[in-house]
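Listed below are the residues making up each chain.
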Amino acid sequence: GNSVTQMEGPVTLSEEAFLTINCTYTATGYPSLFWYVQYPGEGLQLLLKATKADDKGSNKGFEATYRKETTSFHLEKGSVQVSDSAVYFCALSSYSASKIIFGSGTRLSIRP
Amino acid sequence: EAGVTQSPTHLIKTRGQQATLRCSPISGHTSVYWYQQALGLGLQFLLWYDEGEERNRGNFPPRFSGRQFPNYSSELNVNALELEDSALYLCASSSRDRGAEQYFGPGTRLTVT
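Residues numbered from 1 in each chain as written. Chains lettered and ligands numbered in written order. Predicted model: local features only at pLDDT ≥ 70, side-chain atom pairs only at ≥ 80, totals over all residues. Heavy atoms only, no water.

Peer 1: Would you mind going over the overall build of chain A with me for this structure?
Peer 2: From N to C terminus, chain A includes zero helices and twelve strands. Starting at the N terminus, the α and β elements of chain A follow one another as β-β-β-β-β-β-β-β-β-β-β-β. On C-alpha atoms alone, chain A measures out to a radius of gyration of 13 Å, which is about the 13 Å that the 2.2 N^0.38 rule sets for 112 residues. In terms of principal-axis extent, the alpha carbons of chain A reach across some 45 × 25 × 20 Å. In chain A, which comprises 112 residues, the proportion classed as buried is 46%. Long-range pairs, those at least 24 residues apart, make up 56% of the contacts in chain A with a sequence separation of at least 6. Carbon and sulfur atoms provide 48% of the accessible area of chain A, an area that totals close to 5300 Å². In chain A, 10 positive and 10 negative side-chain charges are present, and the distance between their average locations comes to 6 Å. (Helix = DSSP H or I, 4+ residues; strand = E, 2+ residues; numbered from the N terminus. Rg over C-alpha atoms; globule rule 2.2 N^0.38 Å. Buried < 20%, exposed > 50% of the residue type's maximum accessible area, 1.4 Å probe, protein only. Contact = heavy atoms within 4.5 Å. Areas by Shrake-Rupley, 256 points an atom, 1.4 Å probe, with all protein chains shown as cover. Lys, Arg positive; Asp, Glu negative; His and termini not counted. Charge placed at Lys NZ, Arg CZ, Asp CG, Glu CD.)

Written out as C-alpha cells, the structure is:
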C-alpha cells in the first residue's frame, strides 16, 4: 500500500543554517506530494506541493523536488529562521486512493 | 475566502461522557476528513465524508462516528469517552478532485478527565 517515511526528529539548527528534511514514499502510479507545516497550537497548513515527476514546489523559501527515480520529496531551505520552528509533515495523495497519507512528522527547532 | 472552521476550540469532558465536535469546510468543498492527533504522535486518519456519505474510516472503534450535513458541514461524535481520547481533533476539507490537497482547520482540543 501507499506509505510515507520521513526523517525522525527533533531537528535542532541555528538560525541561518541550511535545512533538509528527508521524505521518501511508496505508492502505485503517480501520486501528488505535499509538505504541510504545523506551528505550535495550530492546525496544519499546506506549505508546498508537486503533482508530477521533476516538479518543484516552493513557498516561503522552502523547496522540494518530486524525484520519481528515488521516490523522494525532500524539503530544503537555504537559511532558516526562528519563525520556522514547527512540525513538518510529508504527505502523498494517490489518484486511486481516497485520502492523503501522512508521514509521522518532523519537529524542527531553530536556535537564535 | 473563509477557511475551514471548527468548534469548539477546547472541550473538557469526563470519562464515559459523549463529545460532539463540529467542522465547516471551505465553500465549494464537498469532502470532509477527520484526524486525531494525540500528544507527541502523528496524524491518525479517522473518517472521510463526501456528499453526505461516509466513504472511509480509519482503525478506530465504532464509538467514533459522525455525519455530514447537506451543506457539507460535519460533526464528529465520540461516545463513552476514555482518557486516551484526549487529543487534538483536526478537520480538513478538499474538493472532489482526486489527489487534491486538504485544507485544515485549527482543531478542537479535547481533554478527558
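Peer 1: Hey, could you run me through the side chain of Gln68 of chain B in this one?
Peer 2: Residue and element names in this part refer to chain B. For Gln68, the location among the structural elements is in strand β7 (residues 64-68). Among the polar contacts made by the side chain of Gln68, one reaches the main-chain amide nitrogen of Glu51 at a distance of 3.2 Å. Within the structure, the side chain of Gln68 is placed 2.8 Å from the backbone nitrogen of Gly52, a separation counted as a polar contact. Those residues in contact with Gln68 that lie beyond four places of it in its chain are Thr30, Val32, Tyr49, Asp50, Glu51, Gly52, Glu53, Ser73 and Ser74. (Polar contact = N/O pair within 3.5 Å; in protein donor to acceptor, adjacent residues only side chain to side chain.)

Peer 1: Can you walk me through the nonpolar core in this structure?
Peer 2: Nonpolar side chains tend to gather and get buried jointly when the protein is soluble and globular. All names here are of chain A. Among the nonpolar cores identified, the biggest contains 27 residues, and Trp35, Leu47, Leu48, Phe73, Leu75 and Tyr88 are the most heavily contacted of them. Looking at this core, the elements with two or more residues in it are β2 (11-14), β3 (19-21), β4 (23-26), β5 (32-38), β6 (44-50), β8 (62-65), β10 (86-93) and β12 (106-111). In terms of residue count, β10 provides more of this core than any other element does, four residues in total. The residues touching Phe73, leaving out its near neighbours within four places in the chain, are Cys23, Leu33, Phe34, Trp35, Leu48, Lys49, Ala50, Ala64, Thr65, Tyr66 and Cys90. (Core = buried A, V, L, I, M, F, W, Y, C linked by side-chain atoms within 4.5 Å.)

Peer 1: Would you mind going over the state of the cysteines with me for this structure?
Peer 2: A disulfide bridge is the covalent bond that connects two cysteines by way of their sulfur atoms. All names here are of chain A. The full count for this structure, using the stated rule, is two disulfides over all chains. The disulfide bridge from Cys23 ends at Cys90, spanning 1.9 Å between sulfur atoms. Disulfide Cys23-Cys90: the torsion about the S-S bond is -70°, which places it as left-handed. Note that Cys23 is positioned in strand β4 and Cys90 in strand β10, a separation of 67 residues in sequence. Like Cys23, the residue Cys90 is buried in the burial classification. (Disulfide = S-S within 2.5 Å.)

Peer 1: Sorry, what's going on with the packing of aromatic side chains here?
Peer 2: How two aromatic rings sit relative to each other is given by the distance of their centres and the angle of their planes. Evaluated as defined, the whole model comprises twelve aromatic pairs over all chains. Judged by centre distance (6.1 Å) and plane angle (50°), the ring pair of Phe34 of chain A and Tyr36 of chain A falls under tilted. By relative accessible area, Phe34 of chain A is classed as buried at 1%. We classify Tyr36 of chain A as buried; its relative accessible area is 0%. Relative to Phe104 of chain B, the ring of Tyr36 of chain A lies with its centre 5.5 Å away and its plane at 80°, an arrangement referred to as edge-to-face. In this pair, Tyr36 of chain A is assigned in strand β5 and Phe104 of chain B in strand β10 (residues 103-104), connecting two distinct chains. As far as the burial class goes, Tyr36 of chain A and Phe104 of chain B line up, both buried. Following the ring pairs from residue to residue traces out a cluster consisting of Phe34, Tyr36, Phe89 and Phe102 of chain A together with Tyr35, Phe45 and Phe104 of chain B. (Phe/Tyr/Trp six-rings, centres within 6.5 Å; stacked < 30°, edge-to-face > 60°.)

Peer 1: Can you walk me through the interface of chain A and chain B in this structure?
Peer 2: It is common to give the size of an interface as the accessible area that goes away when the parts come together. The interface is formed by 19 residues belonging to chain A together with 18 residues belonging to chain B. Summed over both partners, the interface of chain A with chain B comes to about 1500 Å²; 57% of that surface belongs to carbon and sulfur atoms. Inspection of the region where chain A meets chain B yields one salt bridge. Between Lys49 of chain A and Glu101 of chain B there is a salt bridge whose closest N-O contact spans 3.0 Å. Within the residue set of the side of chain A that touches chain B, elements represented by two or more residues are β5, β6, β10 and β11 (100-102) of chain A. (Buried area = accessible area lost by both parts, 1.4 Å probe. Salt bridge = Lys/Arg side-chain N within 4 Å of Asp/Glu carboxyl O.)

Peer 1: Looking at this model, I keep getting lost on the environment of Ala19 of chain B. Mind explaining?
Peer 2: Residues and elements named next belong to chain B. Looking at the element boundaries, Ala19 is found in strand β3 (residues 19-24). With relative accessibility at 0%, the residue Ala19 sits in the buried group. For the pair formed by Ala19 and Phe64, sequence separation is 45 residues and the distance between their alpha carbons is 9.8 Å. Setting aside residues up to four positions removed in sequence, Ala19 forms contacts with Leu11, Lys13, Leu76, Asn77, Val78, Leu81 and Leu110.

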